[in-house]
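The residues making up each chain are set out below.
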Amino acid sequence: MFLLFVKSLRNITLGVVIGIPLILYPLLYFFQDSLIFVRQNMDIALFKQIKMDYPNAATTIKTTDDKTLQAWYFKNNSQSPAPLIIYFGGNAEEVSSHFTDLEHFTGWSLLLVNYRGYGLSEGKPSEKVLFDDALLIYDKFAARTDIDAQKIVAFGRSLGTGIAVYLAAHRKLAGVILISPYDSVASIAQEVYPYAPISLLLNHPFRVINYANKIQIPMLALIAKNDHIIPPHHSFKLIDAWGGQVHKKVIENTDHNNIVNETEVWQQISLFLKLH
């Protein structure tokens, strides 16, 4: 799921937009955080299962403002130091379930970190703190002796693609993998709600396209053909602005939510990791 804020905008008719903006716009402004960041609690049964199957995977990360982020670090490679994938999830995603994706990352260790307010992570999410936390997460793990700092890849899905792009613009990565990337949250919202002053209303615009042309590393972009949450042309805007090599693939017969169920997606990811 991505951007319930945008979904809500799609359900507002033109008549409402023109007729009662004085009521509508404040509602959008004050409720945008709960619509953009749909915080998910930890499934305790899942937590216990992972702890049982991977007793050494649970870890925490302390932020600069003394919040604790809940994370899983899966060593998937006997080699030390080993390459690392850092995953950034969607706006309504508790990332723990992705431990089942380890089979797709042969030879790579995997780091899953829940955003602030998600899972067991403390704090409140925002564009700024998620960007800052991404830099902190990278710095802490790149400094570990069991991690090859020259082989760190950021993997983002939906909202998380913007965080992966921001990280790529500010830290040294070997590449980025993006599922359902976007140019900016603001541009998507403005497109579906052309009569609203989005630039004034939106506290979390995620204008990550502004970083794209400065980034020289390889990018893999996987796009759902029938994505109505992040229409493909928003993905292509980011791709066209990218400063490095681009591998892109439009996955037929998929939408925003089911694209990750396609075998072709994981084949493309495995190939990209082998190449880069």
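Quick look at the structure, then.

Reading the values: the criteria
- Residues numbered from 1 in each chain as written.
- Predicted model: local features only at pLDDT ≥ 70, side-chain atom pairs only at ≥ 80, totals over all residues.
- Heavy atoms only, no water.
- Helix = DSSP H or I, 4+ residues; strand = E, 2+ residues; numbered from the N terminus.
- Buried < 20%, exposed > 50% of the residue type's maximum accessible area, 1.4 Å probe, protein only.
- Pairing = 2+ DSSP bridges.
- Axes fitted to C-alpha atoms, helices over the stretch in contact; angles between N-to-C directions.
- Contact = heavy atoms within 4.5 Å.

**What about unusual backbone geometry?**
Item 1. With omega at 0°, the peptide bond leading from Ser80 into Pro81 counts as cis.
Item 2. By secondary structure assignment, the location of Pro81 is in the loop between strand 2 (68–74) and strand 3 (82–88).
Item 3. Residue Asp66 is not a glycine yet carries a positive backbone phi of 70°.
Item 4. Along the chain, Asp66 turns up in the loop between strand 1 (58–62) and strand 2.
Item 5. Owing to a relative accessible area of 55%, Asp66 belongs among the exposed residues under this scheme.
Item 6. A positive phi angle, near 60°, is found at Asn253, a position not held by glycine.
Item 7. Here Asn253 lies in the loop between strand 8 (246–251) and helix 11 (263–275).
Item 8. By relative accessible area, which is 67% here, Asn253 ends up exposed.

**Regarding the sheet that holds strand 1**
Item 1. Here 8 strands make up an open sheet; going across it, the order is 1-2-4-3-5-6-7-8 and the pairing mixed. Each having just a single partner strand, strand 1 and strand 8 make up the two edges of the open sheet. When the angles between neighbouring strand axes are averaged without regard to direction, this sheet yields 20°.
Item 2. Where strand 2 and strand 4 (residues 109–113) come together, 4 bridges link them in antiparallel fashion. Bridge pairing in strand 4 places Ala71 opposite Val113.
Item 3. Here helix 5 (residues 127–142) sits on the sheet in contact with strand 1, strand 2, strand 3, strand 4 and strand 5 (147–157), set at roughly 120° to strand 1.

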